[in-house]
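Fold and geometry: a report
The primary structure of each chain is shown beneath.
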Amino acid sequence: MKTGIVWLRRDLRLSDNHALYRAVRTCERIAIAFVVNPPLLDDGRIGSPIATSFFSAVGSLRADLRKRGSDLAVLRGDFAEELAAFCARTRASDVFFNEDFEPGAIARDAAVRSALEASGIAVHATLDHVYFGAGEVLNRTGEPYRVFSPYQRHWLEQRAVAPRLPFPSDGTWLDRRLVSATELGATSPSPVPEMFGLQTIPVWNAMSENAARARLLRFLKTAAGDYEQARNVPGLQATSRLSADLRAGTIGIRTCVESAFRSARGATPAHRRSIERWISELIWRDFYQSILRAYPHVERDAFQPAAANIAWRDAPDDFRAWCEGRTGYPMVDAGMRQLNATGWMHNRARMIVASFLTKHLLIDWRHGERYFAQRLADADLAQNNGGWQWAASTGTDAVSYFRVFNPTVQGKQFDPLGRYVKQFVPELNAVPEAYVHEPWLMPALCPGYPPPIVEHRHARERAIRVYREAFAHHERGQ
């Protein structure tokens, strides 16, 4: 009987899993593996929150497989060596995995493929972590879109013609193909962050396929109806909170997209618009993945060549104040403290703090991107990089660098009562609503809270001047 290995990475689920779907249609016996690579966890970009979310999902999936009489083979070491040894132990002839668009992952997968094929193992890669692949939504000249709006229009047109339904990879027919736990033999214990010098973040312990599906259904039945209006209010529980699930793959993108479209059918116009707004956010996810795949240099450099000329400031004290939530701007500080305390930050707050670091403080976006990567439970290179370059006006955004968020105005607009601010900046709990976003205007200073690290008007003028000079320098070909 033909045996296949399904190598899981960012797809820690059994349902709507393309690689697993293909494996069960190719092989009579299926073993599922996850490889822990210590050097990867020690490269400085992976922090406790993302490790916690992934390892929690690994543990949940393992428990599910054990209920089915099988197990998740947790391997530890070099990817190619461990998979080759596992194939030999299970007498597997094929390995299946889902593609990853990150440059490091592409290099890893190429090396694994080469090593396995040299040993006579057939390797099968499938598209899974995005709805449409990087080469599937292209402009009229066959090139990748560089701006979101036309990409979204084409994406929606393509989906209307050829929707992609979730892959039916789960069920009793899968159970009959799973290699038994006895046959798999002894495997490594389920990983936890402490094994690699990291810490478990308790808030992210509930990472599982069932929990992710419950979050999706709850969102579509409740908060989705008000999403268009409420999604920008950090103090409300108005978003899906599925970003970490999509990153770890405890839910599939096709499941999310098609469930959303199904919920929109028959809904009121306002409700439908809200769901369509959420679908747009999922399309942004595809867009940033396509940008990373087509332009891998964005991992380390600006998408726009002109941005290479920006004269960033070397200001370690200012950067430290930003990291710790001590800038003197309540909305900025609340966002950073939420990140540091929970491993997550509301998207509106992410835009505000990123704009502040790159425009108000003129600190290179790469410092902020790396800080987020180390502290977000949903840390994803494509989304994190795309968001930071959007905020820094170095990326795909069609709006010019003249956009500089005023953190005070943002606070008054999206947190008018200061509920979000006071939740994470307790020094301001006693401050009246009229001053909660401008505590420096109070008749008496607010004890324990710092004054603004920089004055907004000065910072805005400085940023525009520096950006203008950088872009003019590029246009002159210098």
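Relevant structure appears above.
All of the points below concern the structure found in this document.

**Quick notes on the overall build of the protein chain**
Across its full length, the protein chain carries 21 helices and five strands. Relative to its length of 478 residues, the protein chain is compact, with a C-alpha radius of gyration of 24 Å against a globular reference of 23 Å. Across its three principal axes, the protein chain shows a C-alpha extent of roughly 80 × 55 × 50 Å. Evaluated residue by residue, the protein chain yields a buried proportion of 56% over its 478 residues.

**Description of the nonpolar core**
Core analysis: the biggest nonpolar cluster contains 121 residues, and Ile30, Ile32, Trp278, Trp322 and Phe372 have the highest contact counts within it. Take this core: its biggest share by element is nine residues, from helix α13 (residues 269–294). When near neighbours in sequence (up to four residues on either side) are disregarded, Phe372 contacts Trp322, Met336, Leu339, Met345, Arg350, Val353, Ala379, Asn384 and Trp388. Ranked by size, the runner-up nonpolar core spans 21 residues in total, among them Cys87, Phe97, Ile121 and Val123.

**What to know about the pattern of salt bridges**
All chains considered together, the criterion is met by 31 salt bridges. Here Arg10 and Asp380 are joined by a salt bridge, their closest N and O atoms 2.5 Å apart. One end of the pair, Arg10, is in the loop between β1 (3–8) and α1 (18–24); the other, Asp380, is in the loop between α17 (365–375) and α18 (381–391), and 370 residues separate them in sequence. No difference in accessibility class separates Arg10 from Asp380, as the two residues are buried. Salt-bridge contacts for Glu117 lead to Arg113; the nearest nitrogen and oxygen are separated by 3.2 Å. Placement of both Glu117 and Arg113 in helix α5 (residues 103–118) is noted, with a separation of four residues, approximately one turn of the helix. The class for Glu117 is partly exposed, based on a relative accessible area of 41%.

**Considering the side chain of Asp128**
Within the fold, Asp128 resides in the loop between β5 (122–126) and α6 (148–161). Classification of Asp128 by relative accessible area gives buried; the value is 3%. Among the polar contacts made by the side chain of Asp128, one reaches the main-chain amide nitrogen of His18 at a distance of 3.0 Å. Once you skip the residues sitting within four places of it in the chain, Asp128 turns out to touch Asp11, Arg13, Asp16, Asn17, His18, Asn98, Ile253 and Arg254.

**Details of the side chain of Asn98**
Following the sequence through the fold, Asn98 ends up in strand β4 (residues 94–98). Residue contacts for Asn98: discarding those within four places in its chain leaves Arg9, Asp11, Asn17, His18, Ala19, Thr126 and Asp128.

**A short note on the sheet that holds β5**
As a general point, the strands of a sheet are linked pairwise by backbone hydrogen bonds and lie either parallel or antiparallel. Across the sheet, which stays open at both edges, the five strands sit in the order β3-β2-β1-β4-β5 with parallel pairing between neighbours. Looking along the sheet, the strands with just one partner apiece sit at the ends: β3 (72–76) and β5. Strand-to-strand twist in this sheet, taken as the mean axis angle between neighbours without regard to direction, amounts to 30°. By the bridge criterion, six bridges tie β1 to strand β2 (residues 29–36) in an arrangement that is parallel. Residue Ile5 lies in a different strand from β2, and its bridge partner there is Ala31.

**Things to note about the pairing of β3**
Summarising burial for β3: four of the five residues are buried, a large majority. Relative to β3, β2 runs parallel, the two being bridged by five bridges. Pairing of Val36 across the sheet is with Arg76, part of β3.

**Here we look at the packing of helix α14 (residues 316–324) against α17**
One can describe the packing of α14 onto α17 by two numbers: an axis separation of 12 Å at closest approach and a directional angle of 35°. Here α14 runs over α17; the crossing is right-handed. On α17, the residues that touch Phe319, Trp322 and Cys323 of α14 are His367, Gly368, Tyr371 and Phe372. Classifying every residue of the contact of α14 with α17 by side-chain character gives five nonpolar, two polar and no charged.

Reading the values: rules and limits
Residues numbered from 1 in each chain as written. Predicted model: local features only at pLDDT ≥ 70, side-chain atom pairs only at ≥ 80, totals over all residues. Heavy atoms only, no water. Helix = DSSP H or I, 4+ residues; strand = E, 2+ residues; numbered from the N terminus. Rg over C-alpha atoms; globule rule 2.2 N^0.38 Å. Buried < 20%, exposed > 50% of the residue type's maximum accessible area, 1.4 Å probe, protein only. Core = buried A, V, L, I, M, F, W, Y, C linked by side-chain atoms within 4.5 Å. Contact = heavy atoms within 4.5 Å. Salt bridge = Lys/Arg side-chain N within 4 Å of Asp/Glu carboxyl O. Polar contact = N/O pair within 3.5 Å; in protein donor to acceptor, adjacent residues only side chain to side chain. Pairing = 2+ DSSP bridges. Axes fitted to C-alpha atoms, helices over the stretch in contact; angles between N-to-C directions. Left-handed = near helix turned anticlockwise from the far one by under 90°. Nonpolar A, V, L, I, M, F, W, Y, C, P; charged D, E, K, R; others polar.

None of this, on its own, says anything about what the molecule does.
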